[in-house]
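Spelled out from the first residue to the last, the chains are:
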Amino acid sequence: ILDREKRKNEQAYKEKQRVFANLSHDLRTPLTSIQGYSKAFIDGVVPEEKKSQYMKAIYDRVIDASDIIDSVYEYSRLEHPDFRANFAEDDFCEFLKEYAAEKYTELEFKGYKMEVEIPDKSILMSFDKILITRLFNNIIGNSVKYNDTKTTIYLICKEDEENKEVLITIADNGKGMPDDVRKSIFKPFVVGDEARTKMTGTGLGLTISRNIV
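Bear in mind that the values here come from a model prediction, so they are computed numbers and not experimental data.

Chemist: Please clarify how the nonpolar core should be interpreted in this entry.
Modeler: Most often, soluble globular proteins keep nonpolar side chains buried together rather than apart. Of all hydrophobic cores here, the largest spans 30 residues; its most connected members are Phe95, Leu96, Leu107, Ile132 and Phe136. Looking at this core, the elements that each hand over two or more residues are α2 (51–79), α3 (92–110), α4 (129–146), β4 (152–160) and α7 (205–212). Broken down by element, this core gets its largest block of residues, seven residues, from α3. When neighbours within four sequence positions are excluded, Ile132 is seen to be in contact with Phe92, Phe95 and Phe127.

Here it is, written out as structure tokens:
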């Protein structure tokens, strides 16, 4: 038992070290860009016609760093043993319809399609609207990030009256994911090669989604 506990603690320590190492790497990238662009302004070497371009680059990198910090905060918050969801009873189908209507417009603007299947009835459930919205946004956001435009994203809700369950399916008809990523997709800081190359995403989105579920 002691050996098993020791191995468990060592694995937890290694996982924590990996998380910190990846976090440092992901934060260093936008901060290095911000440092370089800012230094160019301080040294007065930015041509007048490129100043707005440099400022836009600084702003974009600040947003990247902010998104990373927000994701890490959300991840830490959900991992905390004292965290409690804010459950309240409401019509889940009505919530889904409102969410889908807003998301449909957003996806259409970006060039993606969305198909929705929601029961035309009222289903009262106890759920946390903020967490469920974050869950859906993370999963659909991944579909957008890793698939080409014209990909169709599906949001399907079905009621299993026999087992008193509501089943939610979020899917897409895109290119899927490699087997090596599929096996570790819910671990912190796991991202596909394409995302790592483009320096987009922290690899925490689906970890947070799992924790919400």
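Chemist: Whenever I open this one, the sheet that holds β4 confuses me. Can you help?
Modeler: Paired through backbone hydrogen bonds, the strands of a sheet run either parallel or antiparallel to each other. Judged by pairing direction, the sheet is mixed, and its three strands sit side by side in the order β2-β4-β5 without closing on themselves. The open sheet has two edge strands, β2 (113–117) and β5 (165–172), and neither has a second partner. Here the strands of the sheet are splayed against their neighbours by 10° on average, with no regard to which way each runs. Both β4 and β5 contribute to a ladder of eight bridges, which runs antiparallel. Paired with Leu155 across the bridge in β5 is Ile170.

Chemist: Can you help me understand the packing of α3 against α4 in this one?
Modeler: Two measures define how a pair of helices packs: the angle their axes make with one another and the distance between the axes. With their axes 12 Å apart at the nearest point, α3 and α4 run at an angle of 30° to one another. What the angle tells us is that α3 and α4 run roughly parallel. Along this stretch, α3 crosses α4, giving a crossing that reads as right-handed. Contacts between α3 and α4 involve Phe92, Phe95, Leu96, Tyr99, Lys103, Leu107 and Lys110 from the first element and Lys129, Ile132, Thr133, Phe136, Asn137, Ile140 and Val144 from the second. Along the lines of polarity and charge, the residues of the contact of α3 with α4 split into nine nonpolar, two polar and three charged.

Chemist: I'm lost on the layout of surface pockets in this one. Help?
Modeler: Reported here for the second largest pocket is a volume of approximately 340 Å³. What lines the second largest pocket is a set of 20 residues, among which Phe87, Phe127, Ile132, Ile212 and Val213 lie closest to the centre. Residue assignment for the lining of the second largest pocket shows that the elements contributing at least two residues are β3 (124–127), α4, β5 and α7. Among the residues forming the lining of the second largest pocket, the class breakdown is 15 nonpolar, two polar and three charged.

Chemist: Sorry, what's going on with the packing of α2 against α7 here?
Modeler: Orientation of α2 relative to α7, taken along the N-to-C sense of each, is 25°, at an axis distance of 10 Å. Judged on the interaxial angle alone, α7 and α2 are roughly parallel. Note on packing geometry: the crossing formed by α2 with α7 is left-handed. Along its contact with α2, which presents Ser71, Glu74, Tyr75, Leu78 and Glu79, the element α7 presents Thr207, Ile208, Arg210, Asn211 and Ile212. Partitioned by chemical class, the residues of the contact of α2 with α7 number four nonpolar, three polar and three charged.

Chemist: Whenever I open this one, the packing of aromatic side chains confuses me. Can you help?
Modeler: A ring pair, where both rings are aromatic, is described by two values, the distance of the centres and the angle of the planes. The tally for this structure, following the rule as stated, stands at six aromatic pairs. Measuring from centroid to centroid gives 6.2 Å for Phe41 and Tyr54, while their planes differ by 85°, and the two rings are edge-to-face. Taken as a pair, Phe41 in helix α1 (residues 2–42) and Tyr54 in helix α2 lie far apart in primary sequence, 13 residues in all. Connected via pairs of aromatic rings, a cluster forms that spans Tyr37, Phe41 and Tyr54.

Chemist: Whenever I open this one, the environment of Phe83 confuses me. Can you help?
Modeler: Structurally, the position occupied by Phe83 is in the loop between α2 and β1 (88–91). For Phe83 and Tyr54, which are 29 residues apart along the polypeptide, the C-alpha to C-alpha distance reads 41 Å.

Chemist: Explain the pairing of β4 to me, please; I cannot follow it from the model alone.
Modeler: Within a regular strand, the side chains alternate between the two sheet faces. The pairing of β2 with β4 spans five bridges and is classified as parallel. Across the sheet, residue Glu117 finds its bridge partner in β4, namely Ile156.

Chemist: Explain unusual backbone geometry here, please?
Modeler: When glycine is set aside, most residues are seen to have a negative phi, and most peptide bonds are trans. Notably, Lys150 is not glycine yet its phi reads approximately 80°, a positive angle. We note that Lys164 has phi near 55°; this positive angle belongs to a residue other than glycine. Among the secondary structure elements, Lys164 is positioned in the loop between β4 and β5. A relative accessible area of 77% places Lys164 in the exposed class.

Calculation criteria
Residues numbered from 1 in each chain as written. Predicted model: local features only at pLDDT ≥ 70, side-chain atom pairs only at ≥ 80, totals over all residues. Heavy atoms only, no water. Core = buried A, V, L, I, M, F, W, Y, C linked by side-chain atoms within 4.5 Å. Buried < 20%, exposed > 50% of the residue type's maximum accessible area, 1.4 Å probe, protein only. Helix = DSSP H or I, 4+ residues; strand = E, 2+ residues; numbered from the N terminus. Contact = heavy atoms within 4.5 Å. Pairing = 2+ DSSP bridges. Axes fitted to C-alpha atoms, helices over the stretch in contact; angles between N-to-C directions. Parallel < 35°, antiparallel > 145°, perpendicular 65-115°, else oblique. Left-handed = near helix turned anticlockwise from the far one by under 90°. Nonpolar A, V, L, I, M, F, W, Y, C, P; charged D, E, K, R; others polar. 1 Å grid on protein atoms, 1.4 Å probe; cavity = no way out; pocket = protein on both sides within 12 Å on 5 of 7 lines; lining within 4 Å. Points joined across faces, edges and corners; volume = space filled by probe spheres on them. Phe/Tyr/Trp six-rings, centres within 6.5 Å; stacked < 30°, edge-to-face > 60°.

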